[in-house]
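For reference, the chains in residue letters:
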Amino acid sequence: MSAGAVVAIAVGGSVLFMGLITWLIVWFNRRQGAAAAVTLAKLREELPRRGWTYVERDDSLAEAYNRQYEQFWSPEQSQFWRPNQPVWRSGFQAKAPGPLEQHFIRPPHARSAHDIITGTHRGRPFVAATLEIFYMHQITTELCIWVRTPAPCPPVYVRQTVGMVSKINAAVGQGDFRTGHPAFDDRFDVNGPDERFLAHVITPALAEFLLTDERRFRGFTLFADRVDALDRIRDHRDPAELVAALDLRCDILDRIPLIG
């Protein structure tokens, strides 16, 4: 076979391969667009019934996010902050900074806000949206489903962990806040700047709820005047998914005295 024929076959194969990739991308985008259209249609049917509002973009939410982080963020929180993300973007994990660098890390900064839904659920105001976030030299999409607390409170970070890791950290003096509930302390890390408030938040009722609830979530956060959960949401615009997520956050707040 001549060199020209080999080159022609190689070029032809490359063209066919690139064409296939392009077709797959177009097909996937069309499929995603069709699914999004169905979801938005369901949402628009639900909005008037529930008294909710929806806008495709409103960067004032990003500005409010940044103001809150400027007011309530402390350098130590950089080791605990993790973005919640839609399932389709769940591959991102911000690395925890080392103890020497965490004091030089700026807080997360929101650049834009998309697909914003606002309203009330079970008597509590909420906002749900996706934010484009810049943090630690990376840009990611943060899924925010925030249920408002009656007043701002100290930050609280509660996340599932591996029991052996939790015990080792506690043994070497690097452990999290201990609630005195052995099963809970082995399964969850609890962190925040105010230990008295952590003790106030992690009531026996909340600890038991977090241990036994069968919904798929990895913990929750309290920050400023909102609660959010680390749960698996494909599309917060889907009314069924959004209502379930809001119920979870309200169930958490119901078990925290005073701020609930």
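Structure shown above.
Residues numbered from 1 in each chain as written. Predicted model: local features only at pLDDT ≥ 70, side-chain atom pairs only at ≥ 80, totals over all residues. Heavy atoms only, no water.

1. As for the packing of aromatic side chains
(1) Moving on: In total, this model carries 11 aromatic pairs according to the counting rule given.
(2) Moving on: On the basis of an interplanar angle of 40° and a centroid distance of 4.6 Å, the ring pair of Tyr65 and Tyr69 is categorised as tilted. Highlighted residues: Tyr65 and Tyr69, both in helix H2 (residues 60-72), separated by 4 residues, approximately one helical turn. Each member of the pair, Tyr65 together with Tyr69, is buried.
(3) Moving on: Ring geometry for Phe72 against Phe223: centres 6.2 Å apart, planes inclined by 75°, an arrangement best described as edge-to-face. (Phe/Tyr/Trp six-rings, centres within 6.5 Å; stacked < 30°, edge-to-face > 60°. Helix = DSSP H or I, 4+ residues; strand = E, 2+ residues; numbered from the N terminus. Buried < 20%, exposed > 50% of the residue type's maximum accessible area, 1.4 Å probe, protein only.)

2. Section: the nonpolar core
(1) Moving on: The biggest cluster of nonpolar side chains holds 42 residues, and the ones touching the most others in it are Phe220 and Leu222.
(2) Moving on: Element by element, the count of residues in this core is highest for helix H7 (residues 239-254), at 8 residues.
(3) Moving on: In terms of nonpolar packing, the next biggest core, distinct from the first, is built from 22 residues, Ile116, Leu131, Met136 and Cys144 among them. (Core = buried A, V, L, I, M, F, W, Y, C linked by side-chain atoms within 4.5 Å.)

3. Some words on the pairing of strand S6 (residues 217-231)
(1) Moving on: The buried count for S6 comes to 14 of 15 residues, which makes it a mostly enclosed element.
(2) Moving on: In the sheet, strand S4 (residues 138-160) pairs with S6 via 7 bridges, with the strands oriented antiparallel. Across the sheet, residue Arg148 finds its bridge partner in S6, namely Arg226. (Pairing = 2+ DSSP bridges.)

4. A word on the side chain of Asp176
(1) Moving on: Locating Asp176 in the fold gives a position in the loop between helix H3 (163-171) and helix H4 (182-187).
(2) Moving on: One polar contact links Asp176 to Arg178, side chain to side chain, over a distance of 3.3 Å.
(3) Moving on: At 2.7 Å, the side chain of Asp176 and the backbone nitrogen of Val190 are in polar contact. (Polar contact = N/O pair within 3.5 Å; in protein donor to acceptor, adjacent residues only side chain to side chain.)

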